[in-house]
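Reading the structure
Each chain, written out:
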Amino acid sequence: MTAQTAPATRQVDRVLDKMDIGPTPMSDHSALIIAPGNSAWTDPFLVMGEELVNQPGFDWHPHRGMETVTLILDGALEHGDSMGNAGVLGPGDVQWMTAGRGIIHREVAARSEQAHVIQMWVNLPARQKLVPTRYQDLRAGMHAVHTEPGVLVQLISGETGTARGLALNHWPILGTLITLDPRTEYRQVLDGDQRAFAYVISGRLTIAGRTVHAGQIAWSDPVSRPGDPTTLTLATGDGDEQTKVMLFAGRPIGESVYASGPFVMNTRAEIEQAYRDFHSGKFGSIPRHTRLPAGA
């Protein structure tokens, strides 16, 4: 019988503030949480923004070569795509969309409301850039949960304890929404080769001893070999309000990233092909009925 080694303790390598952009034609307020163009520091996560989506919102536009993960914080977001999917997402709902070989979609605030959303782009490895498109609607009441005293972990993707998220992944991703009461500690187990981030939606806490406030993102880089367990400690202090954190983790893909507009590929030639395929109609067509009936 051999003694088991305790999981290594992770550290926070950097804490960054989200960058406010202000109003845009698609959003009453826009902010960048993960800025594009620095994939060596964020791989496998490409970009993440926080939006107050308005009408007309993000009208029909294409994607290829990655996945989008959209979390609805408040309001109602109407969506549709060239595969025929359409609906309205509400608070706590998550949309996991695989753009893969090509899709056209739209996102707009439903019923003339604002929709407060966070959307992240997750990269795909070269061999999976052109996988079939896929849409997953993960409703708030469907999330698997892991609970500890003062802690609620909602699993979107991957597993924690005995709970497993419903999202299907082409590249393994742990995706959680964590709610912590005041004076609470929670330790998230992660593989040693994963890169993790924790974005504080509301409240404040310490992550591996570093204080992180609402609107800040803390990064923890890979620390050891695949399969070696590590722990990232989240702890809240005194106060009356809960803290809500979006914690995601994934192993870096480690490939070149060539992005242009809505496409993310590995080379410029692949980007040029993506534009040719889109303009020649290979991504499908915009559905005839572009809006849901009033009151839907």
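Residues numbered from 1 in each chain as written. Predicted model: local features only at pLDDT ≥ 70, side-chain atom pairs only at ≥ 80, totals over all residues. Heavy atoms only, no water.

Here the focus is the overall build of the protein chain. From N to C terminus, the protein chain includes two helices and 27 strands. Its C-alpha atoms put the protein chain at 60 × 40 × 35 Å along the principal axes. Out of the 296 residues belonging to the protein chain, those deemed buried represent 50%. Just so you have it, the protein chain exposes about 13600 Å², and 51% of that area is on carbon and sulfur atoms. Treating the 25 positive side-chain charges of the protein chain as one cloud and the 31 negative ones as another, the clouds have centres 6 Å apart. (Helix = DSSP H or I, 4+ residues; strand = E, 2+ residues; numbered from the N terminus. Buried < 20%, exposed > 50% of the residue type's maximum accessible area, 1.4 Å probe, protein only. Areas by Shrake-Rupley, 256 points an atom, 1.4 Å probe, with all protein chains shown as cover. Lys, Arg positive; Asp, Glu negative; His and termini not counted. Charge placed at Lys NZ, Arg CZ, Asp CG, Glu CD.)

Once that is clear, we can look at the packing of aromatic side chains. Within this structure, the stated rule accounts for six aromatic pairs. Ring geometry for Phe263 against Phe283: centres 5.8 Å apart, planes inclined by 80°, an arrangement best described as edge-to-face. In this pair, Phe263 is assigned in strand 27 (residues 263-265) and Phe283 in the segment after helix 2 (268-279), connecting sequence segments 20 residues apart. Clustering of aromatic rings is evident, with ring pairs tying together Phe45, Phe197, Trp219 and Phe248. (Phe/Tyr/Trp six-rings, centres within 6.5 Å; stacked < 30°, edge-to-face > 60°.)

Summing up the model confidence of the protein chain, the mean pLDDT is 92 and the portion of residues at 70 or higher is 95%. For residues 290-296, every residue scores under 50 in pLDDT, and the model assigns this stretch 14 contacts once sequence neighbours within four places are set aside. (pLDDT = per-residue confidence, 0-100. Contact = heavy atoms within 4.5 Å.)

Moving on: unusual backbone geometry. In this chain, Asp43 is followed by Pro44 through a cis amide linkage whose omega measures 15°. Examined against the element boundaries, Pro44 turns out to sit in the loop between helix 1 (39-42) and strand 5 (45-53).

So, about the side chain of Thr176. Examined against the element boundaries, Thr176 turns out to sit in strand 18 (residues 173-180). The residues contacting Thr176, other than those within four sequence positions of it, are Val153, Gln154, Leu155, Val245, Met246, Leu247 and Phe248.

Further remarks concern the pairing of strand 4 (residues 27-34). In this structure, strand 3 (residues 19-22) lies alongside strand 4, joined through three bridges in antiparallel fashion. By the bridge assignment, Met19 is partnered in strand 4 with Leu32. Here strand 3 folds back onto strand 4, and the loop between the two strands holds four residues. Across five bridges, strand 4 lies against strand 5 in antiparallel orientation. (Pairing = 2+ DSSP bridges.)

For the rest of this paragraph, the subject is the pattern of salt bridges. Evaluation of the coordinates by the stated rule reveals 14 salt bridges. For Arg106, the salt bridge goes to Asp59, with nearest N and O atoms at 3.6 Å. In this pair, Arg106 is assigned in strand 11 (residues 103-109) and Asp59 in strand 6 (residues 58-63), connecting sequence segments 47 residues apart. A salt bridge links Asp93 to Arg139; the shortest N-O distance between them is 2.7 Å. A residue pair is termed long-range when its members are at least 10 positions apart, and Asp93 in the loop between strand 9 (86-89) and strand 10 (94-98) and Arg139 in the loop between strand 13 (134-138) and strand 14 (144-148) qualify at 46 residues. Given a relative accessible area of 7%, Asp93 falls into the buried group. If you follow the salt bridges from partner to partner, you end up with Arg14, Arg195 and Asp221 in one network. (Salt bridge = Lys/Arg side-chain N within 4 Å of Asp/Glu carboxyl O.)

Read across the sheet, seven strands follow the order 2-23-20-25-18-15-14 without closing on themselves; strand pairing throughout is antiparallel. Edge positions in the sheet fall to strand 2 (14-17) and strand 14, since each has one partner strand and no second. Across the sheet, the mean angle from the axis of one strand to that of its neighbour is 20°, orientation sign disregarded. In the sheet, strand 14 pairs with strand 15 (residues 151-157) via five bridges, with the strands oriented antiparallel. Within strand 15, the position partnered with Val145 by the bridge is Gln154. (Axes fitted to C-alpha atoms, helices over the stretch in contact; angles between N-to-C directions.)

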